[in-house]
Amino acid sequence: MRVALCSEGASLTIQHKTLLQTTDLQLAAGEITAICGPNGAGKTSLLRVLTGDAITSTGRICLNDQSLGDWAAADRAQTLAVLPQHSSLEFAFAVEDVVALGRTPHNSGYQHDRQVVNAALAAIDGEQLRQRNYMALSGGEQQRVQLARVLAQLWEPSPHGERHLLLDEPTASLDLAHQALLLNVLKNFAAQGVGICVVMHDLNLAARLANRLVIMQSGAIVASGSPAEVLQAELIARVFGVQIELVTHPKHGSPLVIL
Amino acid sequence: MSRINPRTFLWLAALALVPAMLSGLLLGPITIPFSAIIDTFVHSGLRTELNVELQSQLLILSQIRLPRMLLAALVGASLAICGAAMQGLFRNPLADPSLIGVSAGASAGASFVIVFSGGWLQAGQSHETLGLSLMAAGAFSGGFIAVLVVYRLATSASGPLNRGTSVATMLLAGIAISALAGACNSALSFVADNDMLRRISLWQMGRLDGANWLRVTMAGSALLVIVVGFLGQSKALNALLLGESEARFLGIDVEQLKRRVVLLTALGIGVSVAVAGAIVFVGLVVPHIVRLLIGPDHRFLMPASALLGALLLVLADALSRVIVAPAELPVGIVTALLGVPFFFSLLVRQRTRVT
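Participant: Can you help me understand the overall build of chain B in this one?
Facilitator: Of the regular secondary structure elements, chain B holds 14 helices and zero strands. For chain B, the succession of helices and strands along the chain, N to C, is α-α-α-α-α-α-α-α-α-α-α-α-α-α. Burial status across chain B gives 54% buried among its 355 residues. Partitioning the intrachain contacts of chain B with sequence separation of at least 6 by distance along the chain shows that 79% fall at a separation of at least 24. Carbon and sulfur atoms make up 70% of the accessible area of chain B, which totals about 14,900 Å².

Participant: Even after reading the chapter, I still don't get the sheet that holds strand β4 (residues 58–63) of chain A, so can you show me in this structure?
Facilitator: Each strand in a sheet pairs with its neighbour through backbone hydrogen bonds, running either in the same direction (parallel) or in the opposite one (antiparallel). All names here are of chain A. A sheet is described by the order of its strands in space; here four strands give the open sequence β2-β1-β4-β5, paired in antiparallel fashion. Of all strands in the sheet, those bounded by a partner on one side alone are β2 (17–28) and β5 (66–67). Relative to β4, strand β1 (residues 3–14) runs antiparallel, the two sharing five bridges. Note on β4: the bridge partner recorded for Leu-5 is Leu-63. Where helix α1 (residues 43–51) meets the sheet, its contacts fall on β1, β2 and β4, and the angle it forms with β2 comes to roughly 60 degrees.

Participant: So what exactly am I meant to see when it comes to the interface of chain A and chain B here?
Facilitator: The extent of an interface is frequently quoted as the accessible surface area lost upon association of the parts. Each side of the interface is counted separately: chain A has 30 residues, and chain B has 26 residues. Carbon and sulfur atoms make up 61% of the surface buried where chain A meets chain B, a total of about 2,300 Å² over both sides. The tally of links between chain A and chain B comes to zero salt bridges. Inspection of the region where chain A meets chain B yields three residue pairs in polar contact (both at pLDDT 80 or more). Contributions of two or more residues to the side of chain A that touches chain B are made by α1, α2 (73–79), β6 (80–83) and α5 (139–153) of chain A. Here the element with the most residues in the side of chain A that touches chain B is α2(A); it accounts for four residues. Tallied by class, residues from the side of chain A that touches chain B come to 14 nonpolar, 10 polar and six charged.

Participant: Mind showing me how you'd approach helix α11 (residues 254–276) of chain B here?
Facilitator: An α-helix turns once every 3.6 residues. As a result, residues three or four positions apart point the same way. Residue and element names in this part refer to chain B. With 23 residues, α11 extends 32 Å between its outermost C-alpha atoms, agreeing within 8% with the 33 Å of an ideal straight helix rising 1.5 Å per residue. Among the 23 residues of α11, 17 are classified as buried, and the element is accordingly described as predominantly covered. At the exit of α11 stands Gly-277, carrying a positive phi of roughly 75 degrees.

Participant: Before we go on, may I ask you to explain helix α4 (residues 102–116) of chain B in this structure?
Facilitator: Between its terminal C-alpha atoms α4(B) stretches 21 Å, which fits the 21 Å expected from 15 residues at 1.5 Å a residue. Of all 15 residues that make up α4(B), 13 are buried, and the element is covered over most of its length.

Participant: What am I meant to see in the packing of aromatic side chains here?
Facilitator: Two measures describe an aromatic ring pair: the distance that separates the ring centres and the angle between the ring planes. Residue and element names in this part refer to chain B. Here the structure, examined in full by the defined rule, presents three aromatic pairs over all chains. Geometrically, the ring pair formed by Phe-90 and Tyr-151 is edge-to-face, given 5.3 Å between the ring centres and 70 degrees between the ring planes. Here Phe-90, found in helix α3 (residues 52–90), pairs with Tyr-151, found in helix α5 (residues 128–156); they are 61 residues apart in sequence, far enough to count as distant. In this structure, Phe-90 and Tyr-151 share a single accessibility class: buried. Ring centres of Phe-140 and Phe-144 lie 6.1 Å apart, and the angle between their planes is 20 degrees; this geometry places the pair in the stacked category. In this pair, Phe-140 and Phe-144 are both assigned in helix α5, four residues apart and thus about one turn of the helix distant. Judged by relative accessible area, which is 26%, Phe-140 ranks as partly exposed.

Participant: Which parts of the structure should I look at to understand the side chain of Arg291(B)?
Facilitator: Of note, Arg291(B) is situated in helix α12 (residues 282–294). Buried and unpaired, Arg291(B) has Asp96(B) as its nearest opposite-charge partner, separated by 10 Å. When neighbours within four sequence positions are excluded, Arg291(B) is seen to be in contact with Phe91(A), Arg3(B), Ala84(B), Gln87(B), Pro93(B), Pro296(B) and Leu301(B).

Participant: I tried to follow the pattern of salt bridges on my own but got confused; where do I start?
Facilitator: Pairing between side chains becomes possible if they bear opposite charge and their charged atoms approach one another. All names here are of chain A. Tallying each qualifying case throughout the model produces 15 salt bridges over all chains. A salt bridge links Glu-234 to Arg-238; its shortest N-O distance comes to 3.4 Å. With a gap of four residues between them, Glu-234 and Arg-238 both fall in helix α9 (residues 233–240), about one helical turn apart.

Participant: Is there a simple way to explain unusual backbone geometry in this structure?
Facilitator: Most of the time, phi is negative for any residue but glycine, and the peptide bond is trans. Residues and elements named next belong to chain A. Unusually for a residue other than glycine, His-16 sits at a positive phi of about 65 degrees. Here His-16 shows up in the loop between β1 and β2. Since its relative accessible area comes to 83%, His-16 is described here as exposed. Phi is positive for Ser-218, which is not a glycine, with a value near 45 degrees. Following the sequence through the fold, Ser-218 ends up in the loop between β9 (212–217) and β10 (220–225). Exposure remark for Ser-218: the relative accessible area of 53% places this residue in the exposed category.

Participant: Looking at this structure, how should I read the pairing of strand β3 (residues 32–36) of chain A?
Facilitator: Each regular strand carries side chains that alternate between the two faces of the sheet. All names here are of chain A. Counting buried positions over the five residues of β3 gives five, a clear majority of the element. The alternating pattern of β3 places Ile-32, Ala-34 and Cys-36 on one face and Thr-33 and Ile-35 on the opposite face, and all of these are buried. The sheet contact formed by β3 and strand β8 (residues 195–199) spans four bridges and is parallel. Bridging from a neighbouring strand, Thr-33 pairs with Cys-197 of β8. Examined bridge by bridge, β3 and β9 share four bridges and lie parallel to one another. Following the sheet pairing, Thr-33 is matched in β9 by Arg-212.

Conventions adopted
Residues numbered from 1 in each chain as written. Chains lettered and ligands numbered in written order. Predicted model: local features only at pLDDT ≥ 70, side-chain atom pairs only at ≥ 80, totals over all residues. Heavy atoms only, no water. Helix = DSSP H or I, 4+ residues; strand = E, 2+ residues; numbered from the N terminus. Buried < 20%, exposed > 50% of the residue type's maximum accessible area, 1.4 Å probe, protein only. Contact = heavy atoms within 4.5 Å. Areas by Shrake-Rupley, 256 points an atom, 1.4 Å probe, with all protein chains shown as cover. Pairing = 2+ DSSP bridges. Axes fitted to C-alpha atoms, helices over the stretch in contact; angles between N-to-C directions. Buried area = accessible area lost by both parts, 1.4 Å probe. Salt bridge = Lys/Arg side-chain N within 4 Å of Asp/Glu carboxyl O. Polar contact = N/O pair within 3.5 Å; in protein donor to acceptor, adjacent residues only side chain to side chain. Nonpolar A, V, L, I, M, F, W, Y, C, P; charged D, E, K, R; others polar. Expected span 1.5 Å × (residues − 1). Phe/Tyr/Trp six-rings, centres within 6.5 Å; stacked < 30°, edge-to-face > 60°. Lys, Arg positive; Asp, Glu negative; His and termini not counted.

This is the structure we're talking about:
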């Protein structure tokens, strides 16, 4: 297992409020890690620390054997991409121009970038959106376009080491078909050696997608392991405060949580 | 989307600038025939052979109309490109230098210099270069402080998770800055003598009738610097429209970008205010029209705004000279009359989008 993005004792305290306790976490290239937990458990804080969006109060984040702060901004952007929960873009770009923004850290030329943009749009079933006005899209369509943007950012192997894609609730506004599409896209990317870390609320979707499940509570990691190891009725009851039934997916063999 | 190809639009705007500039030369209290312009260029070395009427027309053209038209074009271009960049920085199409207090701050800075530089600024032509440079420096400082304060207020108020710019805070901060700058101006007017008063009142209201070749040179140099500077930031500004964090994830040095845009904007607005006073709404109206026509990509938005800003101000100035001829209206009044309806329609649209 090649550890490529890791948190070494990182914590986050903002205005005397500890959002993330001292945390060790390793994310490997080609592996999909899902982070789950109740609201306010520190999932987004962990993601912000891992991506360098928030400066750690203690400890450090290591990307491809180098401290996150020591990276040149453009090099780092070629290996680490982030899809935030909400997008605040309020200008009427054409969809293809939004996706092309993902090519900002690369100097690969207009023709090449255009091919990558088209391929990324095809990957999210968005070819017919190409010329549309981003502001006129539905929330789910905007979410898919933003996904295409981060895919375009990491489309090819980087000379600077393993690539990592971190997503904050990417399925929140997607319909069933596009949730399935998203799972496939992420699995394909992982198969190409991209390390994927995704914050999710849907435990069943997480169990289907991830190699590893991380459960958080009150700013700390309380369980980590394969979905079958982690998803236990006792743990769920303790962390989420609800009684559930566990069955096995009839086709995939992954655990299924039933409320 | 039915938009014009950005490159085509740049060519069209540049082409449209030619007849606009010609009309800027020909229109005015004394209408000059087109042939006089040709004569200026053809006979510039042979003035002795010309009759008296033609000679006076040539004098009007070279000493009054030409510098004035060029100053209008340069100031219009500066204001529009600064408006476009500032709207990118604030990620909001309502950010206009005159609305968020930058122009007010700059004019307070200029008044400050007029009053405290004492009598020797008025000593006459010999000190004009120095005086104007000092005034530009004062205007630059005032504008710089204003952008900085408004930006800090408007972006920190929205908290760490949602880092968007708060429109309400931005406009309120603009009102506060404008009020403070107005108070400074009043205080300065109170201690100023008659001549200073006349000069201070010039900065409250944008006008181009003080145009001369020195001002043209100054506005031209400033425009050159800010165009080159802004175009270098156009890709970064595009990324910034996604949000500050997102721009960082795309490898943009956001702090450096902000510093540069703030400095360049203060320079553009400061020099514009020093040479022509506070001309309002050009920085709001022009980038907005351009965005509707060719989209928000800063690589095209900024040069196209510069061209259209030049076009608008040249036409507005020509208009201001013929509406009440032989008197003339300060051009700031014309641009305000054009800009206010635009601003209202933008406000209404923002309201409907938020609620």
